[in-house]
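# Coordinates in review
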Amino acid sequence: MGDTELELSPARLEELQKSPSTSSTSTTSSLSLPSSPSSGPRPLTSSSPSTSEGLPTSSPPLDVISEGVGELSLVIDTEVAKKACQKVLQKVKFLKADGELSSANSEPVLVNGTAHPSEEEAEPVKNVRRRQKNNSSKQSWLLRLFESKLFDISMAISYLYNSKEPGVQAYIGNRLFSFRNEDVDFYLPQLLNMYIHMDEDVGDAIKPYVVHRCRQSINFSLQCAWLLGAYSSDMHISTQRHSRGTKLRKLILSDELKPSSQRIRREMPQPPPSCPPTLHHSQGMSEHSLSPSKRTHQRSKSDATVSISLSSNLKRTASNPKVETSQDEDLSSSSDSLELEAGTPVRLTPQREFIKSLMGIGKRLATLPTKEQKTQRLISELSLLNHKLPARVWLPTAGFDHHVVRVPHTQAVVLNSKDKAPYLIYVEVLECENFETSSVPVRIPETRIRSTRSVENLPDCGITPDQRASSFSTVPNYDNDDEAWSVDDIGELQVELPEIHTNSCDNISQFSVDSITSQESKEPIFIAAGDIRRRLSEQLAHTPTTFKRDPEDPSAVALKEPWQEKVRRIREGTPYGHLPNWRLLSVIVKCGDDLRQELLAYQVLKQLQIIWEQERVPLWIKPYKILVISSDSGMIEPVVNAVSIHQVKKQSQLSLLDYFRQEHGNYNTEEFLTAQRNFVQSCAGYCLICYLLQVKDRHNGNILLDSEGHIIHIDFGFILSSSPRNLGFETSAFKLTSEFVDVMGGLDGDMFNYYRMLMLQGLIAARKHMEKVIQIVEIMHQGSQLPCFHGSSTIRNLKERFHMNLTEEQLQVLVEQMVDGSMRSITTKLYDGFQYLTNGIM
Amino acid sequence: MAQTEKKAGLLRRTSSSKKPLKEKVLLMYEDIFTKEDPTKSNPRFWDELFLMKVNLEHLEGKLEALDGDEVVKIRDNINSLFHHCVQALAEEHQIKVVNALQTLCALFRGVHQKNKSATGFDIINMLMGFDKAELRMKELMESLDSLLCGDGSESLKSLCLKLLLCLVTVTDNISQNTILEYVMINSIFEAILQILSDVSSRARHGYDAVVLLALLVNYRKYESVNPYIVKLSIVDDEPTLDGMGRVIHHALAEYNRQYKEKEEENQGGFFSTLTSMVGSMFIADADEKLSVQTNEAILLALYEAVHLNRNFITVLAQSHPEIDIATAPAVPIPASPTTPLGTTPPSLDMMNNPELPLDPNLQTSNLLITFLKYSSIVMQDTKDEHRLNSARLCLIILTCIAEDQYADAFLHDDNMNFRVNLHRMPMRHRKKAVDKSIPSRPLVCAVLDLMVEFIVTHMMKEFPMDLYVRCVQIIHKLICYQKKCRVRIHYTWRELWSALINLLKFLLSNETSLLSKHNIFQLALQVVNLFNMFITYGDTFLPTPSSYDELYYEIIRMHQVFDNLYCMVLRVSANAGPWKEPASKVTQALVNARAIINHFNPKIESYATVNHISQLSEDQVLEVVRTNYDTLTLKLQDGLDQFERYSEQPREAGFFKELVRSISLNVRKNVSLSTMSQDVLLKEFSSIS
């Protein structure tokens, strides 16, 4: 930690040289940098490593800007921008002084320059119109808004998008630094899309932030690179090559954007004597000030972690010293600098290779004709992948830092798809503090679950030729040593997997499980045949309903298994299972599919979920995370404990209602009622989503049912302006079959009324925050060729569906109409029939 | 005998046309075989010698022709020759290296043939001299090691391995080969591993390397500590183990492929019109030709890997697509190009490697599946000694696998389903199963199928008792695992039950002839106890309640077998004699089967009389069974789920000694041939350099 603080000083030097204008008032230097990740005005940030508060030493933003591609000038290029910025910054300074007071004051008089209603909690709708009149309000109001606590990331994005004022844009660009990383990350697609497709000023405002974050995080770097690639793909090929999006992507992938410390070292080969030595030892002149022990320590923190890639993992072998010696413990400085000289982007490489392998598997699977072959190939490919794990790789869809240690390959399944080969894998990870700096877990061989005696206990064997002679003579002949080598047979299972016994059954069957070890009492033990038979049928009855294995639908069984059960089962069978930070994740790998629309849908769903939560409307939806890797590949976070309604119906051969009763009990049980309520709340939520986003292709294969009774819509391939094959089916507002209504208790039931009421409340709440939703979609519209933006009226139509002009009574009527219409709609039924005929989906 | 064979191989195959003209190299050899130091007359003698093309047979013949006194006289020269050979290995000039390797080969062979009776120490003294032996061998092994691990020519590596194989197999009994003591001290284990871990070198030299390793592991296995055993047991590097697995997989698959080809050939022709009986005889004949003897060496390697190295178990399940039949598998795979990033770690190539070709018609396979198929072929006919040994080894390997928890876990993994086409012996009373109809199932089903297949096809006069015992033990171990872990596989247990009952029946009807050679009560006890497992613990691993009913049905249906067995063991145990004890154990074990029969038979009879049915249908019997469970009491037997773990020593030691001896003979024979063909390579080689 101490290092980072000290390292900043060269950057400061740089600052003094390069930008005398900003630093001329050195007293205000900390204040002039509201965007500084380490200075005062960002009370919200928590993750920055350098937390030296309020000291003028901290000047990374300039550093950052200058390092980008040396485009510092662009940011403060125009005089206007400069002035505006300084004005704003001045304000910020004052604001800082009296902190919360001013932000409290600013609330009632908030106005903005553009047609955007700002967000305030529980603000009456009518205020919106009033405020819209004040289009031409003064800069100062704007500044007060920006300074206020209410100015959140959503507003920042909105102003960035709508404001034509370079000064404002530049300010917001700087302001981005003050938001929490997670908040900005949500809008990353928007930011990058603006960067790619909008004018220079916006791009210049955004870039420093992106570059800064890229330096901080490998994950962010890769996300950016992937998104930049994906969203640039709609440009014409000739412009694409030279577009700034592509350039930035290249910059990121070239791994130029290392953490600033390394950067500095390279740019300033001769640091002033006062400058403490940098992490690297390649500079001879700084060597003397370092004690050797400190050096190695530092190296292990920085270089080693950076350079440990998949490749070095592969060399680890306990038994093949010839290979091992090449990668000796003390990572020699020569090999390290070699990597730097060669310009090998080792920092991002492991993860990129990992993703590449996963995509490669998907591509190869697509060539195989049958599901069975695909599954077998998938398993074998994954088992090969396992050889390269653990490594500094992770699943970007997870919510915590971790390293992937193993892919339980036999659990992977191929998903149902006609011509592509999406597949679902489970991934074992070890949670860690920080995947960039925490050391990669040591590999444990597959078979180690059971072994007690192994390499660790025989460490000397075959290390060096000299040791050989001595080592083997001390090791006893293995065959006379049977116990030691055979600890782990079936006989030991009881010791190793105690759960089997404690978990499983009643006491009676315990009796029959343990072999009768009644040596001391020679009394014969008798047992009734009827008991054995009864236990057999009871045990089979007690196991939760499982789906039957179907080679044509291998995913059904895997998805039906309760998640907790699966986690427990996999944990038992893995050599890493005993570690306390072991976690199981799952991910769907999609190859050949464009997930950009899915990502858009995710964002909208997430936004609506937040809105409904904020407005306390108990609608239930489940946005699942999407990772766009390119315009035709990506990953999806699977919804756990859920199977498609198609699979439910096919496997159970029951109506939905009967299936509910089978799974949750009879009508008046609490379980059933809870499940029913969940069903209604989710149904209402998704009906609204389907209506607002015009989600099409709603057959039962695209609607999941989870173990608590929620439905979850998946596959947002047809939204907004696109619909499958433009057949004009599915004209109803959303899908509401009579089966769904049956589960809700029929048309006259209370639950059905509840459903309609939820719809109305949800729509009102969504309408209130319409801008937040629209903005997500609208920004992504920029430069996009996605089918969902087909035509010119996508955004207008979307806005119209919020029915801003209707009174609540009118809205209620509208909802009634939609519900009735959808229910009577024969097109839903027709579409299901069509799907059944063409795709065999029930 | 082996001696003459070998001689023939060496002598006849070379160009005899050169005889009249005396090559220079022969003159030089003569110089060596004098008492004089050859460098006296020619100071550059050794330099020149290794530039000459080696005349192996001549040199060997010379060595052989020596008698005791002469040996002593020219010992210095031979020591010198050996010394210079070793030195030449370090030469840059590769022709010299090649010649030195071949000369060494001839030296080892020649000296051993001459001194068949001599002790190993004499041989060492003659070759290297006692005082220098340790140093020389150290130098030799180090040179070989660096040649094998270096980036040098592939033919050189191949020759190194041949030399080593030659050295390892010069004696019939590997443990009497004293020179190997130095190979133990100066391990080349790491070099072998490196060959196996690298894709391209594995393709070229993998087979030799694996055979060499298998043989080295068997050097004085039971008497001393063999470092190769220790090292092999702790290897945990996946690419290496996987490489080893692939070499074995490839060799076994190749055998399977050849067999299948031959089989199809035979079936297509005239013989297809004959009865299946004749056909089967013919196939048996065809197999004789097919049975490539060296596959025992590969099987031994598989055994050692499975038995010694617990990490190797994972390799068994490591799937890769079956090697394409059309492409010649011997073609070495070129090292895959590095990825654009250039950062590909050495074995990342496995991911985008031609070894996983994109042929949609390929069925994914793994070593275990290939091994099961191979076993099914080998077990078909156990009359031939080699095949009997192979079958025995197959069953031993399966025993080891069945005992391993990890192996059991993937055998029973519900997500790993495969179609395994086992070979079934054509028999009169059954049709050959159509290959396509086999469903995709967990691998344990294939193992059980193989066991059932063996049980029903080997009830013959030359009863392979020990194979049967192993077979039943394997089933027992698998069931123990299922019981412990409560795994319920959907297997048609009925086939197994009826096979086991038929086995009992066979034992009964051939009691007298079998008893003269075997302890049939041990096998009978195992079989009866398997039934006890099903009867008393069936609730823990049977797939459905009705399968438990079926078990009872099967026992009741075949009650006569149990009745007769009971009578027999009762009779034998009543008489004093060697079988009294084992027979009385069977008597006790039969308690439950008899209880079931005695309980249900009257019920079934009364059901028949009440309902006026003469012959009850299966469903009716099952109905009776279901309704009458509650009044039946069973006795829990002790230690049903306990088994004796496999241990090689002392029980199997004799078998393995003999096996290694026969493998040694085989390898020696084949090495000599291939050493000769090496000449071709060398010619090419000399033209390059």
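Residues numbered from 1 in each chain as written. Chains lettered and ligands numbered in written order. Predicted model: local features only at pLDDT ≥ 70, side-chain atom pairs only at ≥ 80, totals over all residues. Heavy atoms only, no water.

As annotated in an unreviewed UniProt entry, chain B carries the name Armadillo like helical domain containing 3 and is attributed to Cyprinus carpio carpio. A UniProt comment under Subcellular location (unreviewed entry) is attached to chain B, and it reads "Membrane". (UniProt positions renumbered as here; feature names shortened; annotations may be inferred.)

The name that an unreviewed UniProt entry assigns to chain A is Phosphatidylinositol 4-kinase beta, with the source organism given as Cyprinus carpio carpio. Recorded in UniProt under Sequence similarities (unreviewed entry), the annotation for chain A is "Belongs to the PI3/PI4-kinase family. Type III PI4K subfamily." The record held by UniProt for chain A lists under Catalytic activity (unreviewed entry) the comment "a 1,2-diacyl-sn-glycero-3-phospho-(1D-myo-inositol) + ATP = a 1,2-diacyl-sn-glycero-3-phospho-(1D-myo-inositol 4-phosphate) + ADP + H(+)".

### Quick word on the packing of aromatic side chains
All names here are of chain A. Counted according to the given criterion, the structure contains 34 aromatic pairs over all chains. Aromatic side chains Y667 and F672 sit 5.5 Å apart centroid to centroid with 85 degrees between the ring planes, which places their arrangement in the edge-to-face category. Given a relative accessible area of 37%, Y667 falls into the partly exposed group. Owing to a relative accessible area of 2%, F672 belongs among the buried residues under this scheme. (Phe/Tyr/Trp six-rings, centres within 6.5 Å; stacked < 30°, edge-to-face > 60°. Buried < 20%, exposed > 50% of the residue type's maximum accessible area, 1.4 Å probe, protein only.)

### Here we look at the side chain of B:E511
All names here are of chain B. One can find E511 in helix α25 (residues 511-515). With relative accessibility at 13%, the residue E511 sits in the buried group. When sequence neighbours within four positions are dropped, the list of residues in contact with E511 reads I520, M568, R571 and V572. (Helix = DSSP H or I, 4+ residues; strand = E, 2+ residues; numbered from the N terminus. Contact = heavy atoms within 4.5 Å.)

### Some words on the packing of helix α28 (residues 559-574) of chain B against helix α29 (residues 580-589) of chain B
Residues and elements named next belong to chain B. It is the contact of α28 with α29, at a shortest axis distance of 8 Å, that shows an interaxial angle of 145 degrees. In this structure, α28 crosses over α29, and the sense of that crossing is left-handed. For the pair α28 and α29, contact is made by L565, Y566, V569, L570, V572, S573 and A574 and by K580, A583, S584, V586 and T587, respectively. Classifying every residue of the contact of α28 with α29 by side-chain character gives eight nonpolar, three polar and one charged. (Axes fitted to C-alpha atoms, helices over the stretch in contact; angles between N-to-C directions. Left-handed = near helix turned anticlockwise from the far one by under 90°. Nonpolar A, V, L, I, M, F, W, Y, C, P; charged D, E, K, R; others polar.)

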